[in-house]
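So the chains spell out like this:
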Amino acid sequence: MAGHTQNEITIAAPVDLVWDMTNDVANWPRLFSEYATAEILSREGDRVTFRLTMHPDENGKVWSWVSEREADRETLSVEARRVETGPFAYMNILWEYEKVPTGTRMTWTQDFAMKPDAPVDDDWMTDNINRNSKVQMALIRDRIEKAAAEQGAAPGLTD
């Protein structure tokens, strides 16, 4: 069995601003609430390899892993995968952006499987990712909309 999630949110901001802010991996600790650090390990063209470190969990454990993302500005999509998979057998992520009349729709699709010896199963992780994605997406929406307002960038003006 494998896990699959798909979550989306509409951000009242131009696609260029949403793209730039959400693909600035080095600044993810200021965009997401769950990441303590984001360290860029390498860049090759549109591909970035980086280490994410989370804030300690309720048991004081700090989770960290290496991922790779390849952005395609022309198709408004980003493909990512965990290089250091940790408890996952694999984790593949697709971010898609779409201009809509009210701003930008951002969709995250995650396909994964947990290792047999992982502390949780695919169903538990699916529920966890769905719950957390909604929280993070709302936070990201609010932060980007605030930046758009500060810049006077209404949806559609800079697209």
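See the structure printed just above.
Here we summarise the structure given alongside this text. (Residues numbered from 1 in each chain as written. Predicted model: local features only at pLDDT ≥ 70, side-chain atom pairs only at ≥ 80, totals over all residues. Heavy atoms only, no water.)

**Here we look at the pattern of salt bridges**
Reasoning step 1: This model, assessed by the stated rule, comprises nine salt bridges.
Reasoning step 2: Across the pair E68 and R47 runs a salt bridge whose closest N-O atoms are separated by 3.8 Å. Separated by 21 residues along the polypeptide, E68 in strand β4 (residues 64–72) and R47 in strand β3 (residues 47–54) bring together distant segments of the chain.
Reasoning step 3: Take E68: its relative accessible area is 18%, and that puts it in the buried class.
Reasoning step 4: A salt bridge links K146 to E150; the nearest nitrogen and oxygen atoms lie 3.1 Å apart. (Salt bridge = Lys/Arg side-chain N within 4 Å of Asp/Glu carboxyl O. Helix = DSSP H or I, 4+ residues; strand = E, 2+ residues; numbered from the N terminus. Buried < 20%, exposed > 50% of the residue type's maximum accessible area, 1.4 Å probe, protein only.)

**What about the nonpolar core?**
Reasoning step 1: Within the largest apolar cluster, 29 residues are counted, with the highest numbers of intra-cluster contacts made by W28, F32, Y97, M106 and I144.
Reasoning step 2: Contact partners of W28, with chain neighbours within four places excluded, come to T22, Y35, F50, L52, R69 and W95.
Reasoning step 3: With seven residues, the next largest nonpolar core counts F88, M91, M114 and A118 among its residues. (Core = buried A, V, L, I, M, F, W, Y, C linked by side-chain atoms within 4.5 Å. Contact = heavy atoms within 4.5 Å.)

**Observations concerning the packing of helix α1 (residues 15–22) against helix α3 (residues 122–151)**
Reasoning step 1: In contact at an axis separation of 10 Å, α1 and α3 are set at 125 degrees when each is read in the N-to-C sense. It follows from the interaxial angle that α1 and α3 lie oblique. As for the relative orientation of α1 and α3, their crossing is right-handed in sense. Across from L17, V18, M21 and T22 in α1, the residues of α3 making contact are I140, R143, I144, A147, A148 and Q151.
Reasoning step 2: In terms of residue class, the contact of α1 with α3 is built from seven nonpolar, two polar and one charged. (Axes fitted to C-alpha atoms, helices over the stretch in contact; angles between N-to-C directions. Parallel < 35°, antiparallel > 145°, perpendicular 65-115°, else oblique. Left-handed = near helix turned anticlockwise from the far one by under 90°. Nonpolar A, V, L, I, M, F, W, Y, C, P; charged D, E, K, R; others polar.)

**Some thoughts on the pairing of strand β5 (residues 77–82)**
Reasoning step 1: Both β4 and β5 contribute to a ladder of six bridges, which runs antiparallel. If you follow D72 over to β5, its bridge partner there is S77.
Reasoning step 2: Between β4 and β5, which pair antiparallel and follow one another directly, the connecting turn spans four residues, one of which, L76, has a positive phi of 55 degrees.
Reasoning step 3: Taken together, the five bridges between β5 and strand β6 (residues 88–100) define a ladder with antiparallel strand orientation. Its bridge partner being in β6, R81 is matched across the sheet by N92.
Reasoning step 4: Between β5 and the antiparallel strand that follows it, β6, lie five residues; G86 among them carries a positive phi value of about 55 degrees. (Pairing = 2+ DSSP bridges.)

**Considerations on the environment of V100**
Reasoning step 1: With respect to the helices and strands, the residue V100 is situated in strand β6.
Reasoning step 2: Residue class for V100 comes out buried when judged on its relative accessible area of 14%.
Reasoning step 3: With 36 residues separating them in the primary sequence, V100 and S64 have C-alpha atoms 35 Å apart.
Reasoning step 4: Setting aside residues no more than four positions away along its own chain, V100 makes contact with T10 and R105.

**What about the layout of surface pockets?**
Reasoning step 1: For the largest pocket, the calculated volume is near 1000 Å³.
Reasoning step 2: The wall of the largest pocket is formed by 37 residues, among which E34, M54, W65, R82 and N128 lie closest to the centre.
Reasoning step 3: Mapped by element, the contributors of at least two residues to the lining of the largest pocket are β3, β4, β5, β6, β7 (103–114) and α3.
Reasoning step 4: Element by element, the count of residues in the lining of the largest pocket is highest for α3, at seven residues.
Reasoning step 5: When grouped by side-chain class, the residues that make up the lining of the largest pocket number 21 nonpolar, nine polar and seven charged. (1 Å grid on protein atoms, 1.4 Å probe; cavity = no way out; pocket = protein on both sides within 12 Å on 5 of 7 lines; lining within 4 Å. Points joined across faces, edges and corners; volume = space filled by probe spheres on them.)

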